[in-house]
Amino acid sequence: MHSRYAHLILRVSCALICLLALAGDAGVARAYDVRVESDTVFQAYEVRSPGTSALMTRRRLLQTLGLSFANPLVDEPDSDGRMPTLSANVRLRLEQDFGDTCLLARELCVRATNERDSGVYQPLAQTTLVDLPSAYVDVSGLPLGVLVRAGRQLTWDTIGFARFDGAFARATPFAWLAVEGLAGAVVRSTSLGGTSAFEIAGVPRLDLGNVDPSRVPFIAPPSTMRVDGGALELGRSEWVRGRIAFREMVEGEGVVLRRLGTGLVSEPLAGFRVQLDGVWDLLDGKNIAAAAATSYDLPSVRLLARVERNVPRFDPGTIWAYFAIAPISEGQLNITVKPSERTEIGGAFRARYAELGSYGNDVDWGGEAHGMIRVGSTRLSAAGSVWGGDLGPTSSVLLDISHPLNPFLSFEGRTSLWYFNDPLRTSIYGVSLAEMVGVRWKVGAATSVMVELDHATSRVTGHRFRMMMSVHIGAWR
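Student: Please provide a residue-by-residue account of the overall build of the protein, values included.
Tutor: Across its full length, the protein carries one helix and 24 strands. Projected onto the principal axes, the alpha-carbon positions of the protein cover approximately 75 × 60 × 60 Å. Per-residue burial over the protein gives 31% buried out of 477 residues. Partitioning the intrachain contacts of the protein with sequence separation of at least 6 by distance along the chain shows that 47% fall at a separation of at least 24. Per element, the accessible surface of the protein, about 27200 Å² overall, is 62% carbon and sulfur. When the 48 basic and 50 acidic side-chain charges of the protein are each reduced to a single mean position, those positions are 2 Å apart.

Structure (structure tokens):
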């Protein structure tokens, strides 16, 4: 195993031990909470392209381990009802692929991670992935409503998602005022235990090790990207509450991202909510995202209307930033009705408008419907959609069923039928049918095992099969 992975596992193990030690010491005087969760998922499937003789067999093992810890630092809350609390969260994810990629015409298997084979080597291919999505410690419930967090964490708002290694603080001295700030290094695929999940789209960066960089000129060397930001909230949501946020990312001496986000939310009536959001790119002063939504929740009916517009943005230091972009506007109208606790029905109308410049514009629209009913201990649900416009007709029907066989064993089934017709690739058309049958075994109060078999078939890809087994284990004290 690569030394970086060994160091990562060692550090996470030390963090887990320290947290458990803290919990043990704290339990002498005060109540504390420790929760451990483990998920194991194994998948086996084959991918066969109708246009080539390649056969990819995949045997994927995904293991996720999570630990959360919380401990009050005082015995009683203060006059404002605040209780300082120390908490920590660590999540570790390991993915391993045991599959092969072979040719059907002759006995030849290749490995894309083999650096010595220049004909098939692909630096972006990975058979082992160690990911540390979060690892932080925070203290909340401090005077003035202060929360302080340090470590690897994920932040999100109207500007978007950002995972970073650093510090975050938020203060809420009054119900009508909140201030927050963050600073750190953006988590990238080259970070220790990091992935590119929330990087700004741009050039891929990797540590090539002993590989000659001239062999893969499209790969850039590792670098550190700094992120800083802050936000201010004013008002009360039952009247109007506003938020303004700023975020900047800098790599070396160059600014990669500098954005301003704004938001307004109002709930003047019980169940009635109006929200407006916008994002401006301060590098060119343009509005790159805007959304308006209103919802009304009645005892058995929920109404929602939403419109939004998004303009793609890329890392300005890469070639992707100079390609033509296609702003997309979307709208939807939703209604959900719950006649009783055991039934639900709903529907939606959606529309999409893409601005393609000299290529014209795309307009698409469609409708959706769904329903759910419980008959005894059996749960049945169905959903359907019809979509038309410039991207071609698409329609679907999905059916789900779950039924407990006994207090510990339950059956789950799912089937879907899709019709598609791609006007840009006339050979891509037809009907796709998929089915799944599975059994879930409840081993304990927080432990379960799920085994499922999937089959799918279509004119384009033929028959496909997949087997998946997952195990969830939870424990807390």
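Now that the structure has been shown, the text picks up again.
Student: Go over the pattern of salt bridges with me, naming the residues and quoting the values.
Tutor: Scanning the model with the defined rule gives 32 salt bridges in all. Asp454 serves as the salt-bridge partner of Arg466, at 3.3 Å between the closest nitrogen and oxygen. Of this pair, Arg466 sits in strand E24 (residues 462–476) while Asp454 sits in strand E23 (residues 447–458), and the two are 12 residues apart along the sequence. Note on Asp454: relative accessible area 13%, which makes it buried. Here the residues in one salt-bridge network are Asp157, Arg170, Glu180, Glu233, Arg241, Arg243 and Arg247, joined through shared partners.

Student: Could you give an account of the nonpolar core, with specific residues and numbers?
Tutor: Judged by nonpolar contacts, Ala162, Phe164, Phe168, Leu182, Val186, Ile200, Met225, Val227, Met249, Val256 and Leu257 together constitute the single largest core of 11 residues. Every element with two or more residues in this core is listed here: strand E8 (160–174), strand E9 (177–186), strand E10 (225–235) and strand E12 (254–269). Ignoring any residue separated from it by four or fewer positions in sequence, one finds Phe168 in contact with Leu147, Val148, Arg149, Gln153, Glu180, Gly181 and Leu182.

Student: Report on the state of the cysteines, specifying residues and quantitative values.
Tutor: Tallied over the full model, the rule gives one disulfide. Here Cys102 is linked by a disulfide to Cys109, with a sulfur-sulfur distance of 1.9 Å. The sign of the S-S torsion, about 95 degrees, decides the handedness of the disulfide formed by Cys102 and Cys109: right-handed.

Student: Quick rundown of a nonpolar patch on the surface? Include the residues and the values.
Tutor: Together, Ile373, Val375, Leu380, Ile401, Leu405, Phe411, Val437, Val439 and Leu453 make up an exposed nonpolar region whose accessible area comes to about 710 Å². Those elements giving two or more residues to the nonpolar patch turn out to be strand E18 (361–375), strand E20 (394–406) and strand E22 (429–444). With relative accessibility at 45%, the residue Val437 sits in the partly exposed group.

Student: So what's going on with the packing of aromatic side chains? Residues and values would help.
Tutor: For the structure shown, the criterion picks out four aromatic pairs. Between Phe272 and Tyr296, the aromatic rings sit 5.8 Å apart at their centres with planes inclined by 90 degrees, giving edge-to-face as the arrangement. Residue Phe272 is located in strand E13 (residues 272–281), and its partner Tyr296 is located in strand E14 (residues 286–297); the two are separated by 24 residues in the primary sequence. Pairwise contacts between aromatic rings join Trp156, Phe161 and Phe198 into one cluster. Seen from the ring of Tyr136, Arg149 lies directly overhead, with NZ or CZ sitting 4.4 Å from the centre. Sitting above the plane of the Trp239 ring, Arg236 keeps its charged end 6.0 Å from the centroid.

Student: Run through the environment of Ser340, naming residues and quoting values.
Tutor: Note on placement: Ser340 falls in strand E16 (residues 328–340). Taking the C-alpha atoms as reference points, Ser340 and Ser79, separated by 261 residues in sequence, lie 42 Å from one another.

Student: Kindly report on unusual backbone geometry, identifying the contributing residues and their values.
Tutor: With a phi close to 65 degrees, Leu144 is a non-glycine residue in the positive phi region. Mapping Leu144 onto the fold places it in the loop between strand E6 (128–142) and strand E7 (146–157).

Student: Account for the pairing of strand E21 (residues 409–421), naming residues and giving values.
Tutor: Judged from the 12 bridges that link them, E20 and E21 form a sheet pairing that is antiparallel. Across the sheet, residue Pro404 finds its bridge partner in E21, namely Ser410. From the end of E20 to the start of E21, which pair antiparallel, there are two residues. Direction of pairing for E21 relative to E22: antiparallel, over a ladder of 13 bridges. Residue pairing in the sheet places Ser410 in a bridge with Arg440 of E22.

Student: Can you tell me about the pairing of E8, naming the residues and giving the values?
Tutor: Bridging between E7 and E8 involves 11 bridges; their strand directions are antiparallel. The partner of Arg149 across the bridge, within E8, is Phe168. The hairpin formed by E7 and E8 contains two residues between the paired strands. The pairing of E8 with E9 spans nine bridges and is antiparallel. Within the sheet, the bridge partner assigned to Asp165 lies in E9 and is Ala185. Hairpin geometry of E8 and E9 is characterised by an intervening segment of two residues between the two adjacent antiparallel strands.

Student: Pulling in residues and values, what's your account of the confidence of the model for the protein?
Tutor: Considering every residue of the protein, the mean pLDDT works out to 87; 92% of them sit at 70 or more. Looking at the elements of the protein, mean pLDDT is at its lowest for helix H1 (residues 3–26), recorded as 47, and at its highest for strand E15 (residues 301–310), recorded as 97. Contacts from residues 1–10, a stretch scored under 50 in pLDDT, to residues over four places away or in other chains number 15 contacts. Confidence drops under a pLDDT of 50 for residues 23–29, and excluding neighbours within four residues, the segment shows seven contacts in the predicted structure.

What counts and how
Residues numbered from 1 in each chain as written. Predicted model: local features only at pLDDT ≥ 70, side-chain atom pairs only at ≥ 80, totals over all residues. Heavy atoms only, no water. Helix = DSSP H or I, 4+ residues; strand = E, 2+ residues; numbered from the N terminus. Buried < 20%, exposed > 50% of the residue type's maximum accessible area, 1.4 Å probe, protein only. Contact = heavy atoms within 4.5 Å. Areas by Shrake-Rupley, 256 points an atom, 1.4 Å probe, with all protein chains shown as cover. Lys, Arg positive; Asp, Glu negative; His and termini not counted. Charge placed at Lys NZ, Arg CZ, Asp CG, Glu CD. Salt bridge = Lys/Arg side-chain N within 4 Å of Asp/Glu carboxyl O. Core = buried A, V, L, I, M, F, W, Y, C linked by side-chain atoms within 4.5 Å. Disulfide = S-S within 2.5 Å. Patch = residues over 30% accessible without salt bridge, like charges linked within 9 Å, V, L, I, M, F, W, Y side chains within 5 Å. Phe/Tyr/Trp six-rings, centres within 6.5 Å; stacked < 30°, edge-to-face > 60°. Lys NZ or Arg CZ within 6 Å of the ring centre and 35° of its normal. Pairing = 2+ DSSP bridges. pLDDT = per-residue confidence, 0-100.

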